[in-house]
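One-letter residues, chain by chain:
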Amino acid sequence: MFVPDFFLPSNPAKKIVFSTPTVKTGIKYCEINPDFEERTTTQYLNELQSGPTISDSAEWTAQDRRTALWWIFIGSRSVTTTTFSYQCQHCSNEHYFDMDFIDLDATNRVLSREPFIDFELKTCGEMMKWRVVPLNGHAMERLEAMRANLPGKDDPLYSEYVAELRLWELVYQTRLFYDLDTDFDAAAERRFKQIQGMDMDQEFLALAARVVQAQDVLRHGLNMKIDKGQALLYTPFHNCPELMAKESKVAQTQLLIGFRNKFFIENVRFNWLANLSDQPDGLRPAAG
């Protein structure tokens, strides 16, 4: 099979050429540690490129990376449909939803603008120039490591650790103009300390609002949500079959599934069709 040329959703002028996954690829990726999926994603996307130059996928946005995995998957598989089981929020019964991943193409967007938003914001009493950017592969790898080190939910410090993780997610979506060309981790540490010192009611809430607004403006790739550094994928809407059959009532559900890369990366050990819906963190009704 043939994987068509891929154009980065965040920068559609940039073409990426992927080779078709082989058995050799499948053997290499037969074991994927769930704590290091982002690192594996970077390696896989870099190794599968077959163009004259390799574009480091750690520099791509989180949406670029997951959309690329999906693109390779639908371009190299003859079967692209799977069945999800879930408890319906409308009738409380268990339903089965057959989804063809090719249908997700309808949600795929490309940016027609630069993938960042600049603004000025009072920070610790001083006006400073900020930039909001999408999370990239470097950020996703670091957030994944933080998430793997979270204590158990019954730990008294769990909520504090989660709050700090969410703060780091915001840190990685921002840049300060005097730090644009400096070391990634050192600059992130400086932003983290800068944000920690912000006034909560005025300055920090204004920064958080800017980031949320930018996420909508800079939306690209497949329709997904990043939560604590984890990529979650929205499925298409579908109707509750019970209410449609009994009352001819339209009651739509959209699922939010964990975008686990081991199900999109070719391997010779796992059958993703049999395992995807078995993941405990992999499927739930989308909020709203």
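Structure's up top.
Residues numbered from 1 in each chain as written. Predicted model: local features only at pLDDT ≥ 70, side-chain atom pairs only at ≥ 80, totals over all residues. Heavy atoms only, no water.

Draft legend 1. Quick look at the sheet that holds strand S5 (residues 117-123). With respect to topology, 3 strands assemble into an open sheet ordered S5-S6-S7, the strand pairing being antiparallel. In the strand order of this sheet, the two ends are held by S5 and strand S7 (174-176), each with one partner. This sheet shows a mean twist of 40° between the axes of neighbouring strands, independent of strand direction. Each of S5, strand S6 (126-132) and S7 is contacted by helix H6 (residues 184-196), which is oriented at about 95° to S7, the strand it contacts most. In the packing of helix H7 (residues 200-217) onto the sheet, contacts are made with S5, S6 and S7, and the angle to S5 comes to roughly 170°. (Pairing = 2+ DSSP bridges. Helix = DSSP H or I, 4+ residues; strand = E, 2+ residues; numbered from the N terminus. Axes fitted to C-alpha atoms, helices over the stretch in contact; angles between N-to-C directions. Contact = heavy atoms within 4.5 Å.)

Draft legend 2. Structural detail: helix H3 (residues 62-76). Compared with the 21 Å implied by 1.5 Å per residue over 15 residues, the 21 Å span of H3 between its first and last C-alpha is a close match. Extensive coverage of H3 is indicated by the burial of 15 of its 15 residues. (Expected span 1.5 Å × (residues − 1). Buried < 20%, exposed > 50% of the residue type's maximum accessible area, 1.4 Å probe, protein only.)

Draft legend 3. Quick peek at the packing of aromatic side chains. Evaluation of the coordinates by the stated rule reveals 9 aromatic pairs. Considering the side-chain rings of Phe-6 and Trp-71, the 6.0 Å spacing of their centres and the 45° angle between planes classify their relative orientation as tilted. Here Phe-6, found in strand S1 (residues 6-7), pairs with Trp-71, found in helix H3; they are 65 residues apart in sequence, far enough to count as distant. For the pair shown, Phe-6 and Trp-71 are each scored as buried. Aromatic rings pair up to connect Phe-6, Phe-18, Trp-60, Trp-70 and Trp-71 into one cluster. Between the NZ or CZ atom of Arg-131 and the centre of the ring of Phe-116, over which it lies, the distance is 3.8 Å. (Phe/Tyr/Trp six-rings, centres within 6.5 Å; stacked < 30°, edge-to-face > 60°. Lys NZ or Arg CZ within 6 Å of the ring centre and 35° of its normal.)

Draft legend 4. Summary view of the pattern of salt bridges. Applying the stated criterion across every chain, the model contains 8 salt bridges. For the salt bridge of Glu-38 with Arg-65, the shortest nitrogen-to-oxygen distance reads 3.0 Å. Taken together, the residues Glu-38 in helix H2 (residues 37-47) and Arg-65 in helix H3 connect sequence positions 27 residues apart. Here the two residues Glu-38 and Arg-65 agree in accessibility, since each one is buried. Here Arg-66 ties to Glu-38 by a salt bridge, and the two come within 2.5 Å at their closest N and O atoms. Taken together, the residues Arg-66 in helix H3 and Glu-38 in helix H2 connect sequence positions 28 residues apart. Among the residues examined, Glu-38 registers a relative accessible area of 2% and is labelled buried. One salt-bridge network, held together by shared partners, links Glu-38, Arg-65 and Arg-66. (Salt bridge = Lys/Arg side-chain N within 4 Å of Asp/Glu carboxyl O.)

Draft legend 5. Looking closely at unusual backbone geometry. Backbone geometry at Ser-92 places phi at a positive 70°, although glycine is not the residue there. The partly exposed category is assigned to Ser-92, whose relative accessible area is 49%.

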